[in-house]
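# Topology and contacts: notes
Here are the chains, one letter per residue:
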Amino acid sequence: MGPRLPDAAPWLRSGRATMRVLVPIILLLLLWQSLGSFHLVDTAFLPTPVLVARALGDLMTGHEIRDNILVTLLRAGVGLGLAIVTGIWLGIGIARWPVFRSFVSPLVGATYSLPKTALVPLLILWFGIGNTMAITAVYLSALLPVVVHTYHGVKATPSVLVWSAQALGSGRRELLWRIFLPHALPDIFTGIRIALGFSFVVALSAEMIASTAGIGRLIFMYGENGSYDYMFAAVASVVVVAFLADRALLALGASCLRWHDSALAVET
Amino acid sequence: MTTKIRIRRVSKTYKTDGEEVRALEHTDLDVGEGEFVSIVGPSGCGKSTLLYIVGGFIPAQGDVLVDGNPIEGPGIDRGVVFQEYALFPWLTVRRNILYGLENRPLTAQQRAQAADRLIGVIGLEKFAHRYPRELSGGMKQRVALARTLACDPVVLLLDEPFGALDAQTREVMQDELLRIWLETRKTVLMVTHDVNEAVYLSNRICVMSARPGRIIEEFTVTLDRSAGREQVMLSEAFNKIRNDVWLAVRRQATAAAAQAETPQEGTPQEGTPYGSAAA
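First, a word on scope: everything that follows refers to the structure included in this document. A quick note: this is a predicted structure, and the numbers were derived from the prediction, not measured.

## Re a nonpolar patch on the surface
- Where nonpolar side chains cluster on the molecular surface, the patch consists of Met 19, Leu 22, Val 23, Ile 26, Leu 27 and Leu 30 of chain A and spans about 540 Å² of accessible area.
- A relative accessible area of 48% means that Met 19 of chain A is categorised as partly exposed.

## Section: the nonpolar core
- In this structure, Ile 179 of chain A together with Phe 88 and Leu 189 of chain B are the most contacted members of the largest nonpolar core, which totals 71 residues.
- Once residues lying within four places of it in the same chain are set aside, the contact partners of Ile 179 of chain A are Thr 157, Leu 161, Val 162, Ala 165 and Glu 174 of chain A together with Phe 88, Trp 90 and Tyr 99 of chain B.
- Ala 115, Leu 135, Met 139 and Leu 158 of chain B belong to the second-largest nonpolar core, a separate cluster that totals 51 residues.

## Section: the sheet that holds strand β6 (residues 78–82) of chain B
Residues and elements named next belong to chain B.
- The sheet built from six strands is open, its strands ordered β6-β7-β8-β3-β9-β10 with mixed pairing. For this open sheet the edge positions go to β6 and β10 (215–220), each flanked by a neighbour on one side alone. Within the sheet, the average angular offset between the axes of one strand and its neighbour, ignoring direction, is 15 degrees.
- Bridge count for strand β3 (residues 36–40) against strand β9 (residues 204–208) is four bridges, and the pairing is parallel. Its bridge partner being in β9, Val 40 is matched across the sheet by Val 207.

## As for the sheet that holds strand β4 (residues 61–66) of chain B
All names here are of chain B.
- Spatially, four strands are ordered β2-β1-β4-β5 in an open sheet, and the strand pairing comes out antiparallel. Here the strands that pair on one side only, and so sit at the sheet edges, are β2 (19–32) and β5 (69–70).
- Bridging between strand β1 (residues 3–16) and β2 involves ten bridges; their strand directions are antiparallel. Among the inter-strand pairings, Thr 13 is bridged to a residue of β2, identified as Arg 22.
- Of the strands in this sheet, β1, β2 and β4 touch helix α1 (residues 47–55), which is tilted by about 120 degrees from β1.

Definitions and limits used
- In every chain, residue numbers begin from 1 and rise along the written sequence.
- Chains carry letters and ligands carry numbers; both start at the beginning, A for chains and 1 for ligands, and go up in the order they are written.
- Since the coordinates come from a predicted model, pLDDT governs what is reported: local features require at least 70, and pairs of side-chain atoms require 80 or more to be given and counted, while whole-chain, interface and lining totals use all residues.
- Values shown for side chains rest on all heavy atoms present in the structure; no hydrogens or waters enter the calculation.
- For patches, a residue must show more than 30% relative accessible area and have no salt bridge; joins then use 9 Å for like charges and 5 Å for nonpolar side chains, namely Val, Leu, Ile, Met, Phe, Trp and Tyr.
- Methods summary: accessible areas were calculated by the Shrake-Rupley approach with a probe of 1.4 Å, and residue burial reflects only the protein chains presented.
- Should a side-chain nitrogen of Lys or Arg be within 4 Å of a carboxyl oxygen of Asp or Glu, the pair is scored as a salt bridge.
- Each residue is placed in one exposure class: buried if its accessible area under a 1.4 Å probe, protein chains only, is under 20% of its type's maximum, exposed if it is over 50%, and partly exposed if it falls in between.
- For this analysis, a nonpolar core means a set of buried residues of the types Ala, Val, Leu, Ile, Met, Phe, Trp, Tyr and Cys, connected via side-chain atoms within 4.5 Å.
- Contact definition: two residues touch when any of their heavy atoms are within 4.5 Å.
- At least two DSSP bridges between two strands are needed for those strands to be called paired.
- Strands are runs of DSSP state E lasting at least two residues, helices are runs of H or I lasting at least four, and both sets are numbered from the N terminus onward.
- Throughout, an axis means a line fitted to C-alpha atoms (over the contacting stretch in the case of helices), and angles, computed between N-to-C directions, take values from 0 to 180 degrees.

Shown next as structure tokens:
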């Protein structure tokens with residue numbers, strides 16, 4: 001009989017948790033590999049993970065992936081950043097100012113379900129091919145989730161919180177900064193998280209439609225040339241970057257929202 | 001005794017689903033300085049609405065004067081404690097209390113001292129840096145009371161302050177409120193549906209009629225509170241007045257039930273404390 005390990009050893013628990021994440025991924029990779037290895041699928045159309053890894057290693061030695069990822073990140077980041085800054089204020093404005101709401105609400109309602117990539121040809125006409133076009137497309141797609149979630153967060157502020165602050169001497173400006181905005185913060189984070197996903201999608205789509213740089217163009221180019229192993233390698237790099245960005249946002253949210261009931265549920 | 005709160009011919013009509021409902025009809029009430037007045041009545045009679053009008057949170061017809069000045073919206077002269085605690089969930093206990101101190105002419109150091117003193121008064125030293133979600137209901141209501149007292153208001157408006165607490169915690173909180181009131185002698189206007197609570201705490205109890213609400217009966221309470229809870233609550237005098245008030249409320253509740261063909265629960269829309277979010 002070996003030495004007994006305490007049930008709740010933290011390293012053991014985190015080890016188990018890691019296994020729970022890793023084992024399915026490894027099994028799926030093996031399945032994918034076997035599709036090619038046993039000639040169930042032509043590797044020309046679905047390259048095996050080994051081939052993709054080799055292509056990725058090849059691409060990583062050069063600057064191609066890095067440079068193009070940076071271009072895409074810049075476009076997604078600037079568009080998203082602008083959308084967050086203006087979206088929060090628009091959301092607050094709609095929630096707090098009825099006249100403003102009656103002007104902006106129809107616009108939001110009409111454009112909410114429109115896929116913003118449909119506007120890319122128009123944006124090309126206006127701004128040409130390049131950063132401005134891609135950033136504008138990202139901005140438009142990321143704006144509405146931020147606006148709508150901010151609006152709901154502000155709107156749902158309980159009257160008793162507002163009244164309490166007023167009875168403690170808070171004026172309009174203080175209510176905005178110290179009551180409505182903090183109350184909306186969990187919703188704002190939700191909106192930003194959705195917008196983050198959109199911004200990657202739209203940045204890549206815009207690059208695939210028309211661009212001279214960016215990871216979207218790279219993926220499209222490899223696809224056109226039939227180098228599917230390189231295409232998958234580029235896609236894999238996007239997956240990693242997008243995943244890391246989402247996790248970073250979650251970590252930021254968790255540290256900002258420690259006070260919130262859902263603070264522990266943010267991880268899911 | 002000077003009059004702190006003067007309510008004259010206050011009426012309130014609100015609309016729900018396009019239907020006009022008269023919540024208050026020509027209500028009159030005076031609360032003297034240092035007095036503890038409770039308003040009891042059947043549910044939906046508009047007693048909370050009256051309190052919100054005095055708080056300046058909802059507009060109404062008629063006159064409300066505090067210290068002889070007509071009220072124009074909420075103000076730091078009237079401190080409010082709500083049944084739902086209404087603590088700012090993103091601030092710790094200490095910061096919630098500091099919020100109430102900010103509009104007083106104090107130095108940062110004085111504020112810090114005052115906050116620490118109030119945290120001591122409510123006995124939550126160990127929880128000073130916790131967020132409201134980590135506190136029990138009784139603790140939350142203690143913090144809400146401390147935050148309101150921090151502002152040093154002229155009058156305290158209490159909206160069913162202990163209604164969400166369990167019976168035991170409620171008694172502890174009532175004793176705590178009584179102790180604070182005996183120390184500070186603030187003017188208090190409290191809305192409650194708990195007749196025992198009203199008799200145990202108040203100098204005067206006003207019974208409101210069924211909707212449209214107006215004050216129709218008043219009871220003066222002269223009990224020696226220094227005797228302690230058991231002595232007071234088991235005394236002949238306490239039971240006599242408790243029964244009288246209970247019967248008066250019951251008459252109104254029965255009248256309300258007979259009068260209403262369709263049950264109209266709840267408070268006016270703009271007066272609903274938790275608009276869309278749940279507590």
